[in-house]
Amino acid sequence: MMPQPSSMLLLISSLLAALPATSASGLYTKNSPVLQLNQQTYNQLIANSNHTSIVEFYAPWCGHCQNLKPAYEKVAKNLEGLAKVAAVNCDDDANKPFCGQMGIQGFPTLKIVTASKQLGRPLVEDYRGARSAKAIADAVAERIPNHVKRLTDKNLDGWLSENEALPKAILFTNKGTTSALIRALAVDFLGGIKFAQIRNKETEAVEKFGVKQFPTLILLPGDGKEPITYDGELKKKPMVEFLSQAAAPNPDPAPAKAKSRSVDNRAEKLKPTESPDPQVVPEDAKEAKPAQVLVQAPDIDTLPTVEALEAACLTPKSGTCILALLPEQKEADTDFPGPVKEALRSLSEIAHKHSQRKSNLFPFYSVPAINTGAQTLRDGLGLPADENAVIIVLNGRRGWWSRYDPSKSGDFGIAPVEAWIDAIRLGEGSKEKLPDGILVVKGEPEKEPEESVEESVEDGSVEEESAEESPKQEKEHDEL
Ligand SMILES: *[C@@H]1O[C@H](CO)[C@@H](O)[C@H](O)[C@H]1NC(C)=O
């Protein structure tokens, strides 16, 4: 028997009710410590900030997003004043084009946004770590830029005599690391107050300023004025107030300038991405997006597990791979982020440059220390276990490898890393034979790099190839 029209209607309306409402209210309430964003506020508060942020792209109906909420709000509370913790509701129609442009393919997606040298063109990288409050907060804190100079007895005087009129702040501490708090303060006063940190064992400096206990923050207001010692709580807010007597903190967001690059307007005029194919979204977006909105240089792919590392780079059929082996993360305020961040940034910018030019390039991956394969590789290649970031290149098929030597050029900056990569592309530079036992011979790898791609790369030619595709790691995601 056919259902009665009225019950049919009832059925339809209950079906509709079960569908996610497109203008559904977000997961986070007004009082939540999580900053809620749309594209425009993202540009103002995140992309144009000197501070580090984490942004969650979510849909209210997604179970993993709901599960993440308590931890994420905890992260927001813990990082208050140190970094921004924000969320974008991608289920809101108004945000859909933006989420498409950001290449969001599943919920939740967490992206850490770090200021680069060019304001409005931050570095955006996917956070792929554990979804616990501590793991997330640590990853964000670690990326708070470090504008705090570490001084010793030897270089203190030199630093003091630089820009003598400029106010300076010195933290005397018994820690060897630079805390998230002092780094965040230095960001607040970027351009206004120069920050340094001196360890308790630098006895001449300690005596010079009569420091009796650690930590002690001393403000040198500049122009030969007497140093002032801070005696309040070691909390962001009172410390900002104290330092403000020498220079005003940077307003954040920066006040809109009449003739500033109109990031927001341009962003709003963008055509929404129409392609339903999530694979196509980031590519399209790359072309269409104004530079500022975009993921300028998307972070390089991570190989989180031994299996992923082996499949991508360690088979006898593997082509050239660049691997950034990251050091172990100990605590939120370790100081390794400097070179590590620089190395990753250089690699992602170089990869991005090549992908924009559509020139063919072998893949770059980062390998976290928790990937036990990284340790095996370090051991096998005779690399120090506890070193900072190490960038290596290897080719399983041809059985060679080589290491980028930051000491030659001094750093992991783009120029020297790119020169090294260019030399590899041209088949130049020193190579060593891969020791036995590095490659994994057992079984057939699931995915192999295409041979032809590899050949053309090494000949230095720049054919178009889809060399960029890399095995995607399955994540705990509700797919879109
Ligand atoms: C960012 O830092 C620069 C100095 O490097 C400063 O001039 C600018 O005002 C800061 N912007 C914000 C939004 O804090």
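The rules behind the values
- Residues numbered from 1 in each chain as written.
- Predicted model: local features only at pLDDT ≥ 70, side-chain atom pairs only at ≥ 80, totals over all residues.
- Heavy atoms only, no water.
- UniProt positions renumbered as here; feature names shortened; annotations may be inferred.
- Phe/Tyr/Trp six-rings, centres within 6.5 Å; stacked < 30°, edge-to-face > 60°.
- Helix = DSSP H or I, 4+ residues; strand = E, 2+ residues; numbered from the N terminus.
- Buried < 20%, exposed > 50% of the residue type's maximum accessible area, 1.4 Å probe, protein only.
- Lys NZ or Arg CZ within 6 Å of the ring centre and 35° of its normal.
- Disulfide = S-S within 2.5 Å.
- Pairing = 2+ DSSP bridges.
- Polar contact = N/O pair within 3.5 Å; in protein donor to acceptor, adjacent residues only side chain to side chain.
- Salt bridge = Lys/Arg side-chain N within 4 Å of Asp/Glu carboxyl O.
- Axes fitted to C-alpha atoms, helices over the stretch in contact; angles between N-to-C directions.
- Core = buried A, V, L, I, M, F, W, Y, C linked by side-chain atoms within 4.5 Å.
- Domains from an automatic or database assignment.
- Contact = heavy atoms within 4.5 Å.

Looking at an unreviewed UniProt entry, one finds the chain named protein disulfide-isomerase and attributed to Monascus purpureus. Per UniProt, the comment on the chain under Catalytic activity (unreviewed entry) is "Catalyzes the rearrangement of -S-S- bonds in proteins." Its UniProt record, at the heading Subcellular location (unreviewed entry), says of the chain: "Endoplasmic reticulum lumen".

This part takes up the packing of aromatic side chains. All chains considered together, the criterion is met by 11 aromatic pairs. Judged by centre distance (4.9 Å) and plane angle (55 degrees), the ring pair of Y230 and F242 falls under tilted. Placement of Y230 in the loop between β11 (228-229) and α9 (236-243) and of F242 in helix α9 is noted, with a sequence separation of 12 residues between them. Judged on exposure class, the residue Y230 and its partner F242 are both buried. Taken together, a centroid distance of 5.6 Å and an interplanar angle of 45 degrees make the contact between Y404 and F412 tilted. Each member of the pair, Y404 as well as F412, carries the same accessibility label: buried. Taken together, the ring pairs in this structure connect Y28, Y58 and Y72 into an aromatic cluster. Here the basic side chain of K168 rests over the ring of W159, its NZ or CZ set 5.8 Å away from the ring centre. The lysine or arginine in question, K431, covers the ring of W400, its NZ or CZ lying 4.5 Å from the ring centre.

Let's shift gears to the state of the cysteines. Working definition of a disulfide: a covalent bond connecting the sulfur atoms of two cysteines. Per the stated rule, a full pass over the model turns up three disulfides. A disulfide bridge connects C62 with C65, and the sulfur atoms are separated by 2.2 Å. Because the sign of the S-S torsion sets the handedness, a value of about 90 degrees for the bond joining C62 and C65 places this disulfide among the right-handed ones. Like C65, C62 is buried.

Working note: regular strand, side chains alternate between the two faces of the sheet. Within strand β5 (residues 109-114), six of the six residues are buried, which leaves the element mostly enclosed by the surrounding structure. On β5, burial covers both faces: T109, K111 and V113 on one face and L110, I112 and T114 on the other are all buried. Here five bridges tie strand β2 (residues 53-58) to β5, and the two strands are oriented antiparallel to one another. Within β5, the residue paired with E56 across the bridge is L110. In terms of strand pairing, β5 meets strand β6 (residues 123-127) through five bridges, oriented antiparallel. The partner of T114 across the bridge, within β6, is L123.

A separate point is helix α2 (residues 39-47). The periodicity of an α-helix, 3.6 residues per turn, causes residues three or four places apart in sequence to face the same way. Taken residue by residue, α2 has Q39, Y42, N43, L45, I46 and A47 as its buried positions. Between the side-chain oxygen at the start of α2 and the backbone nitrogen of Q40 there is a gap of 3.0 Å, and the oxygen is on N38.

This next bit is on the pattern of salt bridges. Going through the model one piece at a time under the given rule, you end up with 14 salt bridges. Two residues, E162 and K194, come together in a salt bridge whose shortest N-O distance is 3.0 Å. On the criterion of sequence distance, the pair formed by E162 in the loop between α6 (156-161) and β8 (168-173) and K194 in strand β9 (residues 194-199) is long-range, its members being 32 residues apart. Classification of E162 by relative accessible area gives partly exposed; the value is 36%. One salt bridge connects D188 with K236, and the closest N-O pair in it is separated by 2.7 Å. Placement of D188 in helix α7 (residues 180-188) and of K236 in helix α9 is noted, with a sequence separation of 48 residues between them. One network of salt bridges, in which partners are shared, links K111, D126, R128, D299 and D301.

You can call D188 buried: its relative accessible area is 10%. Within the structure, D188 has its side chain in polar contact with the side chain of H51 (distance 3.0 Å).

Attention now goes to the sheet that holds strand β3 (residues 84-89). If you trace the five strands from one edge of the open sheet to the other, you get β1-β3-β2-β5-β6, paired in mixed fashion. Taken across any chain shown, the strands that pair with only one partner, and hence form the sheet edges, are β1 (35-37) and β6. If you compare each strand with its neighbour and ignore which way they point, the axes differ by 30 degrees on average. Pairing analysis gives six bridges linking β2 to β3, with the strands arranged parallel. Bridged to F57 within β3 is V88.

Summarising the element assignment, K201 is placed in the loop between β9 and α8 (203-208). Classification of K201 by relative accessible area gives exposed; the value is 58%. Distance from K201 to N174, taken between C-alpha atoms, is 7.6 Å for residues 27 residues apart in sequence.

What follows covers the nonpolar core. Y42, F195 and L243 are the most contacted members of the largest nonpolar core, which has 65 residues in total. Two domains share this core, each providing at least three of its residues, namely domain 1 (35-143) and domain 2 (148-245). Excluding its chain neighbours within four sequence positions, the residues that come into contact with F195 are H147, V148, K149, W159, A169, I182, L185, A186, F189 and L243.

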